[in-house]
Amino acid sequence: MAEVRLAGVRKAFGDTVAVDALDLDIKDGEFVVLLGPTGAGKTTALRLIAGLERPDAGRIAIGGADVTASPPAARDVAMVFQQFSLYPHYSVFDNLAFPLRSPLRRESEDRIGARVREIATLLRIEGKLDNRATRLSGGEMQRVAIGRALVRRPRVYLMDEPLSSLDAKLREDLRIELKRIQRELGATILYVTHDQIEAMTMADRIGVIEDGRLLQLASPREVYGRPANTAVARRLGSPPINLLPLGVLPASAPGAAATVGVRPEDVDLGVHGIEARIEQVEPLGAETVVLLQLPGARLHALMPGLARVEAGAATRVAVAPEAMLFFAADGRRLAA
Amino acid sequence: MNVRRNIGFPLSAQGVPRAEILRRVEETAKLLRIDHLLNRAVGGLAGGDRQRVALGRAIVRRPKAFLMDEPLGTLDAAFRELMCEELRGLHDRIGATTVYVTHDQIEAMAMADVIAVMNKGLVLQSGTPFEIYHRPRSMFVAQFIGSPSMNFLPCAAGNRQAVSLAGRTVPVPELHEAAPGRLVLGVRPEHVRLSDDGVVRGEVFGVEYMGARQVVTVDTEAGRLRVRTSNTQRASIGEQVGLAFDPGQIILFDATSERALPSALFEREIAHG
């Protein structure tokens, strides 16, 4: 495995700038997730590293060597795509063995067999090796697709929303499996997704990307708890962060502050604080989302379990000073 | 066609007089908070506003009932949450009967007065979100609603107030009928907590930080379990931990029929959670 370094990378398609001034350092053995909405430039960033696109400006290095001008095959990366493309007429075994049977590699069949079985066990599809690829469930197919990248020992794995086509339950399981496999292999992974849960649960560091620009690169707790700006603050959290104009809540804000950010789980309902009306209550089972109308703003609160509150009722809202985030008019977060 | 003509279309197709169309389109647009967009072309609208226009076209006819087929399915997650709230608010204002189908349990829980869980053409259970979530009558319903889903652990019958789980006695809500030999203990991730004096012990397999919450996956002698905790709970992979169950919240299922066994839990009302 190896580290990856992007410096000042830019890529435009016609008038559309897909990636702009992108600096990104991925450490050896690190799991980095690029998180952003559709069209943010995530997939372009991956394709630039894979060599499927050439940057207009900037340098790309893998393992210390500049690969900016290298063709894809010389970069030694493995890519997993959103839509898994297996060879339908091959067995699972042959699908997994395919990358190892490349004429450039000349591996013995014994060694190929051993490696395929090792990866199949890791992915818990060892019982399916003789099945045709078409006789698999969606989750099994995606495991084979991931396995086909893992059988090789490339310097970097690039993954483009590999779990997005799977149903929710399977995604939950594969998320935790993929993280375990990455840790066991010590693999360097750059993974792109628009799913904040995937980003927070798997990443060592999350890169929040929007309009081709990297807004923040930090650990999940850092990005969630100390977002660089309002755009990052909004990208993570469900229900989303409350962004209120200064003055709605009593706060000792820094001079330049224009906006106060409060996570819904930090909103306390009860007998203290300012008056509010409960607009809507969503009992989600493990937690309850409450929509509140305050003088001058609406606010979401997240309460554990089944909250005993009713729509239409009056209540009071308080937020601990240490839970407040302050942002300047241009969106930058200010030190409290 | 602009937004105004799009919303008015079902009425002009019915031959409603123009003045009446104008009035009802304005009224509908206000309700949906898109009255500032009436003269805009639909082509240039953001995804959510388009969805609001589509809703407007249904609402403007003043039907007796709305039938909605996954109207939020194509929207991204953050936006879906917002629209859920908006649809529920709209329903509260209009008061029209609505039947809404979805595969998304969060949408169902967030909006419904009554949820009917269906599988293979049958309604398996229908009830309030509370009943469906906290008092599921079958393993299918229990695992379908809730994320992460309910933990299921094979266990053996003890007396009416306890079961045997991996050789340990676990208290449960008092059963109202004799338990079959093979049982499944069901417990939601938020009703399990990490505790040194817990009934079962295991090794932490995964820790998933999710911002407001955290899910810890633990492999125990009784099986793999997910625990939902606050984001301040510290746990690391490989660590040995004890797990304690909230005894009042355990549901037992017959392992063969997958039916929930009636117990004291099913008598408790909402106020006791």
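Reference entry: report on the structure contained in this document. (Residues numbered from 1 in each chain as written. Chains lettered and ligands numbered in written order. Predicted model: local features only at pLDDT ≥ 70, side-chain atom pairs only at ≥ 80, totals over all residues. Heavy atoms only, no water.)

**Section: the overall build of chain A**
1) Next: Scanning chain A for helices and strands turns up 8 helices and 19 strands.
2) Next: Across its three principal axes, chain A shows a C-alpha extent of roughly 75 × 45 × 35 Å.
3) Next: A total of 336 residues make up chain A; the buried ones form 52% of that total.
4) Next: Taking contacts inside chain A between residues at least 6 apart in sequence as the whole, the part at least 24 apart equals 64%.
5) Next: Separation between the mean location of the 43 positive side-chain charges and that of the 42 negative ones in chain A comes to 4 Å. (Helix = DSSP H or I, 4+ residues; strand = E, 2+ residues; numbered from the N terminus. Buried < 20%, exposed > 50% of the residue type's maximum accessible area, 1.4 Å probe, protein only. Contact = heavy atoms within 4.5 Å. Lys, Arg positive; Asp, Glu negative; His and termini not counted. Charge placed at Lys NZ, Arg CZ, Asp CG, Glu CD.)

**Side note on the packing of helix α4 (residues 138–150) of chain A against helix α5 (residues 168–185) of chain A**
Residue and element names in this part refer to chain A.
1) Next: α5 packs onto α4 with a crossing angle of 15 degrees between their chain directions and a minimal axis gap of 12 Å. When the axes of α4 and α5 are compared, the pair comes out roughly parallel. The way α4 lies across α5 gives a crossing that is right-handed. Listed contacts from α5 to G139, R143, I146 and L150 of α4 are L170, L174, L178, I181 and L185. (Axes fitted to C-alpha atoms, helices over the stretch in contact; angles between N-to-C directions. Parallel < 35°, antiparallel > 145°, perpendicular 65-115°, else oblique. Left-handed = near helix turned anticlockwise from the far one by under 90°.)

**Comments concerning the interface of chain B and chain A**
1) Next: Opposite the 39 residues of chain B that make contact, chain A presents 31 residues.
2) Next: With both chains or domains summed, chain B and chain A bury close to 3000 Å², and 50% of this area falls on carbon and sulfur atoms.
3) Next: Among the residues chain B hides against chain A, the three largest losses belong to E85(B), F205(B) and Y209(B). Together they make up 22% of the total.
4) Next: Linking chain B with chain A are 6 salt bridges.
5) Next: One salt bridge in this structure joins E177(A) and R224(B), with 3.9 Å as the shortest N-O distance.
6) Next: If you look at where chain B meets chain A, you find 13 residue pairs in polar contact (both at pLDDT 80 or more).
7) Next: Looking at the side of chain B that touches chain A, the elements with two or more residues in it are α4 (77–94), α5 (105–111), α6 (129–134), α7 (139–144), β10 (200–209), β11 (213–220) and β12 (223–230) of chain B.
8) Next: Ranked by residues supplied to the side of chain B that touches chain A, first place goes to β10(B) with 5 residues.
9) Next: Class assignment for the residues of the side of chain B that touches chain A results in 16 nonpolar, 13 polar and 10 charged. (Buried area = accessible area lost by both parts, 1.4 Å probe. Salt bridge = Lys/Arg side-chain N within 4 Å of Asp/Glu carboxyl O. Polar contact = N/O pair within 3.5 Å; in protein donor to acceptor, adjacent residues only side chain to side chain. Nonpolar A, V, L, I, M, F, W, Y, C, P; charged D, E, K, R; others polar.)

**Remarks on the sheet that holds strand β19 (residues 333–334) of chain A**
Residue and element names in this part refer to chain A.
1) Next: Read across the sheet, 4 strands follow the order β11-β12-β18-β19 without closing on themselves; strand pairing throughout is antiparallel. Either end of the sheet is taken by a strand with one partner, and the two such strands are β11 (242–245) and β19.
2) Next: Bridge count for strand β18 (residues 325–328) against β19 is 2 bridges, and the pairing is antiparallel. Residue pairing in the sheet places F326 in a bridge with L334 of β19. (Pairing = 2+ DSSP bridges.)

**Re the nonpolar core**
1) Next: Ranked by internal contacts, the top residues of the largest apolar core, which has 64 residues, are L96(A), Y157(A), Y191(A) and I206(A).
2) Next: The residues touching Y191(A), leaving out its near neighbours within four places in the chain, are F31(A), V32(A), V33(A), L34(A), M159(A), P162(A), L163(A), L178(A), E198(A) and M202(A). (Core = buried A, V, L, I, M, F, W, Y, C linked by side-chain atoms within 4.5 Å.)

**Section: the pattern of salt bridges**
1) Next: Taken as a whole and judged by the stated rule, the model has 43 salt bridges over all chains.
2) Next: With a closest N to O distance of 3.7 Å, R111(A) and E107(A) form a salt bridge.
3) Next: Via salt bridges that share partners, R124(A), E177(A), R180(A), E184(A), D219(B) and R224(B) belong to a single interconnected network.

**Brief notes about unusual backbone geometry**
Most peptide bonds are trans, and most residues other than glycine sit at a negative phi.
1) Next: Between S238(A) and the following residue, P239(A), the backbone shows a cis peptide bond with an omega angle of -5 degrees.
2) Next: Checked against the element boundaries, P239(A) lands in the loop between α8 (230–235) and β11.
3) Next: Going from S147(B) to P148(B), the amide bond is cis rather than trans, its omega being -5 degrees.
4) Next: By the secondary structure assignment, P148(B) is in the loop between α7 and β5 (151–157).

**Points about the packing of aromatic side chains**
1) Next: A complete count under the given rule lists 7 aromatic pairs over all chains for this structure.
2) Next: Summarising the aromatic geometry, the rings of Y87(A) and Y90(A) are spaced 5.4 Å apart at their centres and angled 50 degrees between planes, so their arrangement reads as tilted.
3) Next: With a relative accessible area of 26%, Y90(A) lands in the partly exposed category.
4) Next: Chaining the aromatic ring pairs together yields one cluster made of Y87(A), Y90(A) and F98(A).
5) Next: One Lys or Arg, R188(B), reaches over the ring of Y133(B) and ends 3.9 Å from the middle of that ring. (Phe/Tyr/Trp six-rings, centres within 6.5 Å; stacked < 30°, edge-to-face > 60°. Lys NZ or Arg CZ within 6 Å of the ring centre and 35° of its normal.)

Structural measurements only, silent on function.
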